[in-house]
Amino acid sequence: MPDTESSVLYWGSDPVRFSPGETIAAALQRHGVTDLGAGVGELHGRYFCGIGTCQACLVSVSGASAVEACLTLAQAGMRLSPALLPGHPDAPGAGA
Amino acid sequence: MSATDVLVIGAGPAGLAAVVELARLGLTSQLVEQRDQVGGAIYRRHAGAGSHVLLLPESHRRRRDALLQSYAAAQTRVTPLMSSVFVGVDQDQRFLIDNRALGCVQSVRPRAVILAVGTVEQVLPREGWELPGVVTAGGMQVQFKETGQAPQGRVLLAGSGPLLLALAAQLAAAGNPPLAVLERAQPLASAWWQAGAVLQVLRSWPHVQEAALYARELWRARVPYLTGWQVQSVQPAAEGLVVQACHSSGVTRQYQVQHVALHDGLLHNNTGLPACAQSDQRLVVHAGDCREVLGAGAAIDDGRRAAQQVARHLGQRCDSAVLEQALARAQRTQNALAQLFHAAPFTPTANAVVCRCEGLRRSDFDQLQVAASAHEMRLSGRFGMGACQGRFCAHHLSELAHQRGIDFDPGALNGDVPRWPLRPVALTALAAYAEPEGDAPCAA
């Protein structure tokens, strides 16, 4: 795997290397990131089914609306965060 | 209005076989695939440098290569829409596609539609199944195919069915054998009194060869295949997960692992999909594992059969008798396997999460006083309201309701009218929607 800026994305501020052609989920898994952030009902996001059906691995790319980490190709410079951003009604700490 | 004859959704074995057969019959098709490449989960390719040796029977490899070759040869009649997700059918019967590569939603009004979106893996709601680090066996396998690397750290596989054997053998061959495979059923013991089922499986030589290949690898890597064992709970620990397992005799055992892969069989998948239907305007057909789970080989046959059904709808004459026979054989083999892997019914404990998307547990279900129908369970209990739209919880909820004397089909949890979008769609993609003229894609 070439260790260059061209194959690095970010989980929060944490740099994560990836191989071209692999998904965000694969890159995060290799990097040891299994917890994809707090979600509804005190449960946490995580990679699960790998084919877009369970919707448990939703992440936000550069603050945009959620996509499945298991389907979305990793791209250089992506800034990833949990799908439920602070301020979302279902996000932890949000007012009831 | 699109100029293509047929819309095919899903580029796994069934969808690929369908577009190849349509092309052979002189029909054009649009092929919608959520990933950036064709093949589906079963034929996922290795991304990145170097090669990746996946333990696979030679017959599977040949079948895959033949299908991909015939797809390459059919491409003049196929318009692929990659990184595109089918999100539903609107009130004007337009099929809506979220083209994520272009960042916009597109619509198609085809003369016929073949839905080949694949299976949904079943995972019983054991305590802790919702934790990060717990994946489906299929999820672990597809990621392993893509990265070429087995997960780092200790792995435990549990649940029921032949896929656990295949994955265990593949992980072992890649250098990280699982600590054990815990099989809920007693397939070896039941073989003694299910002689008919054994004979039925033995009649399918490829299945026998495949089982032998995996068994040999598990034997070589000394992976224990423990039947009659099941996972009671998974709990988070300082470094990974602690799995509590028990045998049907009452003996218990604990495993400390980093990864747990669960699998309790595969289910057909019609959640949110338009039903099979035939009218003057349009024919809708389901094909492959989303229609009936019969495996990759049969999915190819079923995709071809669906294409022939479409051709007949469009006025051509063709006969599908040979394919029907092959599918009937596959059905007999799958039924026999299901008999051998038949396990006792499962009841989730009070603390087990039943509906993951909404974070609802068995105890939440028990507290639902007024829910007497699928509809009420959804509206007053929020069961099945989440992003997976009940794909993972509807069957369990239907079982729990049945124990309370309320009977409903798991599909009923979704209501009578399919809700779209079936998947998350960016508002910007919806805003970028434009009524298509000809085949021109929307402006990105």
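The shown structure was predicted, so the numbers you read here are calculated from the model rather than taken from an experiment.

S.K.: In this structure, what is going on with the overall build of chain A? I would like to understand it.
M.R.: Across its full length, chain A carries 1 helix and 5 strands. Mapped in sequence order, the helices and strands of chain A form the string β-β-α-β-β-β. In chain A, buried positions account for 50% of the 96 residues. Across chain A, every contact between residues at least 6 apart in sequence was considered, and the portion connecting residues at least 24 apart equals 39%. When the accessible surface of chain A is split by element, carbon and sulfur atoms take 55% of a total near 4,100 Å².

S.K.: Which parts of the structure should I look at to understand the interface of chain B and chain A?
M.R.: Accessible area lost upon the coming together of the parts is a frequently used measure of interface size. Between chain B and chain A, the residue contacts involve 41 residues of the former and 34 residues of the latter. A per-residue breakdown of the area chain B buries against chain A is headed by Pro132, Gln143 and Arg356 of chain B, which together make up 19% of the total. One can count 2 salt bridges joining chain B with chain A. For the salt bridge of Glu68 of chain A with Arg423 of chain B, the shortest nitrogen-to-oxygen distance reads 3.6 Å. Our count for the contact surface shared by chain B and chain A stands at 13 residue pairs in polar contact (both at pLDDT 80 or more). Of all elements in the fold, only strand S9 (134-136) and helix H3 (137-147) of chain B reach the threshold of two or more residues within the side of chain B that touches chain A. When residues in the side of chain B that touches chain A are grouped by element, the largest group, 6 residues, is from H3 of chain B. A per-class count over the side of chain B that touches chain A returns 18 nonpolar, 13 polar and 10 charged.

S.K.: For this particular structure, what's the right way to read the packing of aromatic side chains?
M.R.: For any pair of aromatic rings, the description consists of the separation of the ring centres together with the inter-plane angle of the planes. Per the stated rule, a full pass over the model turns up 4 aromatic pairs over all chains. On the numbers, 5.9 Å between centres and 80 degrees between planes, the contact of Phe365 of chain B with Phe383 of chain B is edge-to-face. Taken together, the residues span a long stretch of sequence, with Phe365 of chain B in helix H10 (residues 362-367) and Phe383 of chain B in the loop between helix H11 (374-381) and helix H12 (394-403) at a distance of 18 residues. Each member of the pair, Phe365 of chain B together with Phe383 of chain B, is buried. Three or more aromatic residues joined by ring pairs form one cluster here, namely Phe48 of chain A together with Trp129 and Phe392 of chain B. Over the ring of Phe365 of chain B we find Arg404 of chain B, and its NZ or CZ is 4.6 Å from the ring centre.

S.K.: So what exactly am I meant to see when it comes to the confidence of the model for chain B here?
M.R.: Reading predicted coordinates in detail is not appropriate for stretches of low pLDDT. With 98% of its residues at a pLDDT of at least 70, chain B reaches an overall mean of 92. Scoring the predicted complex yields pTM 0.94 and, for the interface, ipTM 0.93.

S.K.: Would you take a moment to explain H12 of chain B for this structure?
M.R.: What sets the pattern is the α-helix's 3.6 residues per turn: residues three or four places apart point alike. Residue and element names in this part refer to chain B. For H12, the set of buried residues is Ala394, His396, Leu397, Ser398, Leu400 and Ala401. Next to the buried residues of H12 lie strand S20 (353-355), H10 and H11. Looking one or two residues beyond H12, the residue adopting positive phi is Gly405, at roughly 85 degrees.

S.K.: Is there a simple way to explain the nonpolar core in this structure?
M.R.: The nonpolar side chains of a soluble globular protein tend to be buried, and buried together. Grouped together as the largest cluster of nonpolar side chains are 46 residues, with contacts concentrated most on Trp11, Ile24, Leu28 and Leu80 of chain A together with Met140, Leu157 and Leu171 of chain B. Those elements giving two or more residues to this core turn out to be strand S1 (8-11), helix H1 (24-30) and strand S3 (58-61) of chain A together with H3, strand S10 (155-160), helix H4 (162-173) and helix H7 (205-220) of chain B. At 8 residues, the largest contribution of residues to this core is made by H4 of chain B. Apart from residues lying up to four places away in sequence, Leu171 of chain B is in contact with Met140, Phe144, Ala150, Pro151, Val155, Leu157, Asn176, Pro177 and Pro178 of chain B.

S.K.: Whenever I open this one, the sheet that holds strand S4 (residues 84-89) of chain B confuses me. Can you help?
M.R.: What holds strands together in a sheet is hydrogen bonding between their backbones, with the strands either parallel or antiparallel. Residues and elements named next belong to chain B. Here 3 strands make up an open sheet; going across it, the order is S4-S5-S6 and the pairing antiparallel. Unpaired on one side and paired on the other, S4 and strand S6 (104-108) mark the two borders of the sheet. Here the strands of the sheet are splayed against their neighbours by 30 degrees on average, with no regard to which way each runs. The pairing of S4 with strand S5 (residues 95-99) spans 5 bridges and is classified as antiparallel. Of the residues in S5, the one forming a bridge with Phe86 is Ile97.

S.K.: Before we go on, may I ask you to explain the state of the cysteines in this structure?
M.R.: A disulfide bridge is the covalent bond that connects two cysteines by way of their sulfur atoms. One pass over the structure, following the stated rule, counts 0 disulfides over all chains. We note that Cys49 of chain A lacks a disulfide partner, and the nearest cysteine sulfur, in Cys54 of chain A, lies 3.8 Å from it. The thiol of Cys393 of chain B is not disulfide-bonded; the next cysteine sulfur, from Cys355 of chain B, is found 4.2 Å away.

S.K.: I'm lost on the side chain of Ser81 of chain A in this one. Help?
M.R.: Relative to the elements of secondary structure, Ser81 of chain A occurs in strand S5 (residues 79-82). Note on Ser81 of chain A: relative accessible area 18%, which makes it buried.

S.K.: Quick question: what am I supposed to make of the pairing of strand S2 (residues 14-17) of chain A here?
M.R.: Consecutive residues of a regular strand have side chains that alternate between opposite faces of the sheet. Where S1 of chain A and S2 of chain A come together, 4 bridges link them in antiparallel fashion. In the sheet register, Trp11 of chain A faces S2 of chain A, and the bridge partner there is Asp14 of chain A.

S.K.: Help me understand the packing of helix H6 (residues 195-202) of chain B against helix H9 (residues 321-340) of chain B, please; the structure alone is not making it clear to me.
M.R.: The geometry of a pair of packed helices is captured by two quantities: the angle between their axes and the separation between those axes. Residue and element names in this part refer to chain B. Closest axis-to-axis distance for the H6/H9 pair is 8 Å, and the angle between their directions is 135 degrees. Considering their axes alone, H6 and H9 lie oblique with respect to each other. For the pair H6 and H9, the crossing hand works out as left-handed. Every residue of H9 that contacts H6 at Ala197, Val198, Gln200 and Val201 is listed here: Arg332, Thr333, Ala336, Leu337, Gln339 and Leu340. Here the residues of the contact of H6 with H9 are counted per class, giving 6 nonpolar, 3 polar and 1 charged.

So, how was this worked out
- Residues numbered from 1 in each chain as written.
- Chains lettered and ligands numbered in written order.
- Predicted model: local features only at pLDDT ≥ 70, side-chain atom pairs only at ≥ 80, totals over all residues.
- Heavy atoms only, no water.
- Helix = DSSP H or I, 4+ residues; strand = E, 2+ residues; numbered from the N terminus.
- Buried < 20%, exposed > 50% of the residue type's maximum accessible area, 1.4 Å probe, protein only.
- Contact = heavy atoms within 4.5 Å.
- Areas by Shrake-Rupley, 256 points an atom, 1.4 Å probe, with all protein chains shown as cover.
- Buried area = accessible area lost by both parts, 1.4 Å probe.
- Salt bridge = Lys/Arg side-chain N within 4 Å of Asp/Glu carboxyl O.
- Polar contact = N/O pair within 3.5 Å; in protein donor to acceptor, adjacent residues only side chain to side chain.
- Nonpolar A, V, L, I, M, F, W, Y, C, P; charged D, E, K, R; others polar.
- Phe/Tyr/Trp six-rings, centres within 6.5 Å; stacked < 30°, edge-to-face > 60°.
- Lys NZ or Arg CZ within 6 Å of the ring centre and 35° of its normal.
- pLDDT = per-residue confidence, 0-100.
- Core = buried A, V, L, I, M, F, W, Y, C linked by side-chain atoms within 4.5 Å.
- Pairing = 2+ DSSP bridges.
- Axes fitted to C-alpha atoms, helices over the stretch in contact; angles between N-to-C directions.
- Disulfide = S-S within 2.5 Å.
- Parallel < 35°, antiparallel > 145°, perpendicular 65-115°, else oblique.
- Left-handed = near helix turned anticlockwise from the far one by under 90°.

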